[in-house]
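Single-letter residue listing:
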Amino acid sequence: MAYFCLGNLPTWKIFGFGACLVGLGLSSCPFQSPFWFLDPPELMPVQDEFGNTIADKVWVEFGRVMNHKCVDYFRVVYNKRDKSGVTQVTSDRIDRNAYGTQITVVPCTLYTFRVVGYEEFQGTGRRFKMKSKETNFTLDYTPKFIKKPTVMEKVASPNSRARNIRAIHPYTTTTPAPTTEPFLVISILWDLTYIDFPICLDRVEFQYLNIEWDESSFTETFDNPKNRMFFVVNNKKLPCDEEFSFTAKAFGVNGDHTNTTWDPPSCISTTPAPTTEGPTPPEFVRCHSGASFVFLYLFCTDE
């Protein structure tokens with residue numbers, strides 16, 4: 001058995017040797033020393049510069065790791081559960097010094113996340129891995145219209161179905177009273193491609209909303225929207241009025257909603273803003289014929 005004798009070494013060499021041993025112990029992983037996760041991964045939404053939730057991004061926080069110096073790299077393994085079944089995805093390598101990473105997901109869908117740490121045994125080609133506990137997470141998101149509903153108008157004929165169904169201004173041989181506005185049939189069309197993330201959609205409501213009282217005198221609701229959807233109204237029932245707004249609300253499964261408008265073309269003002277400036281004011285003249293004699297004598301006479 002060999003022994004190291006430090007008695008004949010200079011003091012500076014002894015301190016230098018000790019410092020090397022301490023540094024080696026702090027920066028390297030002792031052989032066969034295990035590592036493990038102290039915390040499960042933590043999931044949180046990612047926000048843009050305006051503080052709004054990004055619909056398809058989440059941040060995965062790795063948590064604390066015992067003997068973190070033994071980890072060579074991380075991966076995130078996550079399962080997505082939807083109508084098509086369970087899909088497992090494994091991320092690329094993540095640097096050992098990272099505390100988390102950003103993952104792309106589908107909102108309003110259940111995911112199970114797990115972080116895996118890897119230690120490589122150099123020269124052997126073998127790896128040791130340790131998994132964290134699982135964390136379930138669903139990204140909450142309120143869907144919105146990315147395209148406004150299509151609204152079309154046309155003048156109704158005397159025998160139109162719109163008149164007969166709603167019994168408004170029914171056709172008669174009696175000469176009707178003169179009116180300044182024709183009877184217009186308003187058709188509203190939309191489908192799920194108008195919504196950014198239909199998977200988060202619960203229902204859509206089209207309202208004729210009183211702006212002051214925040215009450216709707218007309219509501220058309222689509223509880224289970226599929227394929228192409230439409231409905232028909234007319235301008236006698238829903239006239240253009242500055243006190244009312246044509247509001248479409250997209251409700252998410254989280255209960256919140258976003259708004260857009262479905263204004264009929266006849267209710268949209270096409271009058272351009274004035275571009276001409278007002279009349280130019282006359283140039284100020286100090287010495288004019290209407291000034292008093294004293295004023296003219298004092299200020300308007302040449303020396």
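Not measured: the values here are computed from a predicted model. (Residues numbered from 1 in each chain as written. Predicted model: local features only at pLDDT ≥ 70, side-chain atom pairs only at ≥ 80, totals over all residues. Heavy atoms only, no water.)

Q: Explanation requested: the overall build of the chain in the structure shown.
A: Per the secondary structure count, the chain includes three helices and 18 strands. Looking at the 303 residues of the chain, the share that counts as buried comes to 30%. Partitioning the intrachain contacts of the chain with sequence separation of at least 6 by distance along the chain shows that 68% fall at a separation of at least 24. Total accessible area computed for the chain in this model is approximately 20900 Å², and 55% of it derives from carbon and sulfur atoms. (Helix = DSSP H or I, 4+ residues; strand = E, 2+ residues; numbered from the N terminus. Buried < 20%, exposed > 50% of the residue type's maximum accessible area, 1.4 Å probe, protein only. Contact = heavy atoms within 4.5 Å. Areas by Shrake-Rupley, 256 points an atom, 1.4 Å probe, with all protein chains shown as cover.)

Q: Is there a simple way to think about the sheet that holds strand 16 (residues 228-234) in this case?
A: As a general point, the strands of a sheet are linked pairwise by backbone hydrogen bonds and lie either parallel or antiparallel. Spatial ordering of the open sheet is given by 12-13-16, a layout of three strands whose pairing is antiparallel. Looking at strand neighbours, the two that pair on one side only are strand 12 (150-155) and strand 16, the edges of this open sheet. Averaged over all pairs of adjacent strands, the angle between strand axes in this sheet comes to 20 degrees, irrespective of strand direction. Note: strand 13 (residues 184-191) against strand 16, seven bridges, orientation antiparallel. Residue pairing in the sheet places Trp190 in a bridge with Met229 of strand 16. (Pairing = 2+ DSSP bridges. Axes fitted to C-alpha atoms, helices over the stretch in contact; angles between N-to-C directions.)

Q: Explanation requested: the confidence of the model for the chain in the structure shown.
A: Any residue range with low pLDDT should be treated as having predicted coordinates unsuitable for detailed reading. For the chain, per-residue confidence averages 81 on the pLDDT scale, and residues scoring 70 or more make up 71% of the total. Within the model, the stretch residues 1-6 combines pLDDT values under 50 with one contact to residues more than four positions away or in other chains. Note on residues 12-26: pLDDT is under 50 here. Beyond four places in sequence and across chains, it has four contacts. (pLDDT = per-residue confidence, 0-100.)

Q: Explanation requested: the state of the cysteines in the structure shown.
A: What is meant by a disulfide is a covalent connection between two cysteines, made through their sulfur atoms. Taken as a whole and judged by the stated rule, the model has two disulfides. For Cys108, the disulfide goes to Cys200, at an S-S distance of 2.0 Å. Taking the sign of the torsion about the S-S bond as the criterion, the disulfide between Cys108 and Cys200, at about 115 degrees, is right-handed. Remark: Cys200 occurs in the loop between strand 13 and strand 14 (201-210) and Cys108 occurs in the loop between strand 8 (100-104) and strand 9 (110-121); sequence separation between them is 92 residues. Comparing Cys108 with Cys200, the two get one shared label, buried. (Disulfide = S-S within 2.5 Å.)

Q: When you look at unusual backbone geometry in this model, what are you seeing that I'm missing?
A: Notably, Asp214 is not glycine yet its phi reads approximately 55 degrees, a positive angle. For Asp214, the location among the structural elements is in the loop between strand 14 and strand 15 (215-222). Overall, Asp214 belongs to the exposed group, its relative accessible area being 54%. With a phi angle near 55 degrees, Asn227 is a residue other than glycine that sits in the positive phi range.

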